[in-house]
There are 2 protein chains.
Amino acid sequence: MVALFLLILWKYEMYLPAEFAETDPELIRDVIAQFPLATVVAQTAEGLTANHIPLIMTAPDRIIGHIAIANRLHEWVSPTQDIIAIFQGAQAYISPNWYPSKAESHSQVPTWNYEVVHVHGRMTFQHDEKSKIAAVGRLTKIFETQTNGADAWRMSDAPADFMKSKLAGIVAFEIAVTRIVAKSKLNQNKSRQDIENVSENLLSQGAVRMSERMKRGKSTG
Amino acid sequence: MVALFLLILWKYEMYLPAEFAETDPELIRDVIAQFPLATVVAQTAEGLTANHIPLIMTAPDRIIGHIAIANRLHEWVSPTQDIIAIFQGAQAYISPNWYPSKAESHSQVPTWNYEVVHVHGRMTFQHDEKSKIAAVGRLTKIFETQTNGADAWRMSDAPADFMKSKLAGIVAFEIAVTRIVAKSKLNQNKSRQDIENVSENLLSQGAVRMSERMKRGKSTG
């Protein structure tokens, strides 16, 4: 489902040893859906700029969001330049003490486990009210349903004049996805026993998602 | 303590309304210390590159870390170019339903609260073993002490030959901090009652840090 072009790894790609490459579209979609506050990075005429924006994937090659009209990103980014939207999922420090094999050989060092999704694409901005209502409506529906279920807030709960003024203060955008590079760094280079024990340690710390991701392996969703 | 140059906001800066600008050096250091897995973004000859690297601040103007020698970032980034290390702290979706004032006027919309620190700086890499031991030692001491207290793993727990081979596989680096721009988006534009109630809702969801940050206000740490 997700547009993946992992075979053509760009020279300047995120460092990605083969064992940590995430190619499961379902897991990639899950990281985006569970950790929607993306870091959107772009190169401007005067240097790098990064903004933190909640995004949703509405199709395998399409991500949408909106920003304040006062955020000049919509003036700085051209529809022909590459941007990256970075979604960071679960992450945890991994102590060598947690590997049972360490007691035998002592040949372990600390590391950090994490799951990240880099969506590369091109951003186009929409200033018309219809597009803005559509974007806000889709984002709101997803986040409100997750948060409040049947009591979800809707745009129509607010006075029309108020919503009109709020919509005037934003710009909607789409990211046309050109490629997705994802990394699930989950100790896949360790023994099953080491992974199990690290996973148990993380669970006892409350790091539920990372613990489960490690137990399931990187591509079994 | 932290080098702050907020008065000179670069044109291409992160969108930062005044009420969300974080200027408390202690809070900035705390986000870096509690959420050390940074997203390090650089511009290369062929486009943007982003990597996820645990970092520690060893002085107000100095951040250190290390990467695998196979991560070609150390070849792509020159010591004269600007990079950004982005630390993302607590974050949470905020439903309009959680503002008591909504029941009166219905004039509220969803938002996202978050705390982020953008450290701008210049990266220099160290390939000598002494620098690498120093970097690994400092990172390990901090993360292991937090995780295991008195049972903290030390480099000297591992066989010397093994550590030597592991050190050969990494490159250490320092980031000389040129400026820090931080944002604490915590509903500061809402009434005290609205903030209190959102904070309670977040606490009941388990979002402890965001709940506490909101209650304390952005700069009372």
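Given the structure is predicted, the values throughout are model-derived calculations rather than measurements.

Rules of the game
- Residues numbered from 1 in each chain as written.
- Chains lettered and ligands numbered in written order.
- Predicted model: local features only at pLDDT ≥ 70, side-chain atom pairs only at ≥ 80, totals over all residues.
- Helix = DSSP H or I, 4+ residues; strand = E, 2+ residues; numbered from the N terminus.
- Buried ≥ 20, exposed ≤ 12 C-beta atoms within 10 Å, placed from the backbone.
- Contact = placed C-beta atoms within 7 Å.
- Least-squares fit on C-alpha atoms with pLDDT ≥ 70 in both.
- Nonpolar A, V, L, I, M, F, W, Y, C, P; charged D, E, K, R; others polar.
- Axes fitted to C-alpha atoms, helices over the stretch in contact; angles between N-to-C directions.
- Parallel < 35°, antiparallel > 145°, perpendicular 65-115°, else oblique.
- Left-handed = near helix turned anticlockwise from the far one by under 90°.
- pLDDT = per-residue confidence, 0-100.
- Core = buried A, V, L, I, M, F, W, Y, C linked by C-beta atoms within 7 Å.
- Arc of directions from axis to C-beta.

Observations concerning the overall build of chain A
Line of reasoning, step 1. For chain A, the count of helices and strands is seven helices and eight strands.
Line of reasoning, step 2. The C-alpha extent of chain A, read off along each of the three principal axes, is 70 × 45 × 30 Å.
Line of reasoning, step 3. Buried positions account for 38% of the 221 residues belonging to chain A.
Line of reasoning, step 4. The long-range fraction of contacts in chain A, counting pairs at least 24 apart against all pairs at least 6 apart in sequence, stands at 73%.

Brief notes about the relation of the copies chain B and chain A
Line of reasoning, step 1. The transform that puts chain B on chain A rotates by 180° and translates by 0.0 Å along the axis, for an RMSD of 0.0 Å. As the rotation angle and translation indicate, the two copies are arranged about a two-fold axis. Using C-alpha coordinates, one finds that chain B approaches the rotation axis most closely at Gln43(B), a distance of 3.7 Å.
Line of reasoning, step 2. In this assembly the copies share their binding face: 98% of the residues contributing to the interface of chain B also contribute to that of chain A.

A closer look at the interface of chain B and chain A
Line of reasoning, step 1. Contacts between chain B and chain A engage 54 residues on the former and 53 residues on the latter.
Line of reasoning, step 2. For the side of chain B that touches chain A, the elements supplying multiple residues, two or more each, are strand 2 (37-44), strand 3 (47-54), strand 5 (62-68), helix 2 (73-76), strand 6 (83-94), strand 7 (111-126), helix 4 (129-148) and helix 5 (160-168) of chain B.
Line of reasoning, step 3. In terms of residue count, the dominant contributor to the side of chain B that touches chain A is strand 3 of chain B (seven residues).
Line of reasoning, step 4. Each residue belonging to the side of chain B that touches chain A can be placed in one class, and the counts come to 28 nonpolar, 18 polar and eight charged.

Observations regarding the packing of helix 6 (residues 192-204) of chain A against helix 7 (residues 208-216) of chain A
All names here are of chain A.
Line of reasoning, step 1. Running from N to C, helix 6 and helix 7 cross one another at 165°; their axes reach a closest spacing of 8 Å. Taken together, the axis directions place helix 6 and helix 7 in an arrangement best described as roughly antiparallel. Crossing of helix 6 over helix 7 shows left-handed handedness. Contacts from Ile195, Val198, Ser199, Leu202 and Leu203 in helix 6 reach Val208, Met210, Ser211, Met214 and Lys215 in helix 7.
Line of reasoning, step 2. Classifying every residue of the contact of helix 6 with helix 7 gives seven nonpolar, two polar and one charged.

Considerations on the confidence of the model for chain A
All names here are of chain A.
Line of reasoning, step 1. On average, residues of chain A score 92 in pLDDT, and 93% of them are at 70 or above.
Line of reasoning, step 2. A low-confidence stretch, residues 1-8 stays under pLDDT 50, and its non-local contacts, those more than four residues away or across chains, total 18 contacts.
Line of reasoning, step 3. Two summary scores accompany this predicted model of the complex, namely pTM at 0.94 and ipTM at 0.93.

Things to note about the nonpolar core
Line of reasoning, step 1. Core analysis: the largest hydrophobic core is formed by 104 residues, its most contacted members being Val41(A), Ala85(A), Val41(B) and Ala85(B).
Line of reasoning, step 2. The contacts of Val41(A), once residues within four sequence positions are left out, are Leu48(A), Ala50(A), Ile83(A), Ile84(A), Ile86(A), Val41(B), Leu48(B) and Ala50(B).

A look at helix 7 (residues 208-216) of chain B
All names here are of chain B.
Line of reasoning, step 1. Among the residues making up helix 7, those that are buried are Met210, Ser211, Arg213 and Met214. Buried residues of helix 7, viewed axially, fall in a sector of 165°; they line one side.
Line of reasoning, step 2. Buried positions along helix 7 lie against strand 6, strand 7, strand 8 (170-185) and helix 6 (192-204).
Line of reasoning, step 3. Downstream of helix 7 by one or two residues, glycine 217 has phi in the positive range, about 85°.

Regarding unusual backbone geometry
For residues besides glycine, phi is generally negative; the peptide bonds are generally trans as well.
Line of reasoning, step 1. With phi around 65°, Asn187(A) is a residue other than glycine that occupies positive phi space.
Line of reasoning, step 2. One can find Asn187(A) in the loop between strand 8 (170-185) and helix 6.

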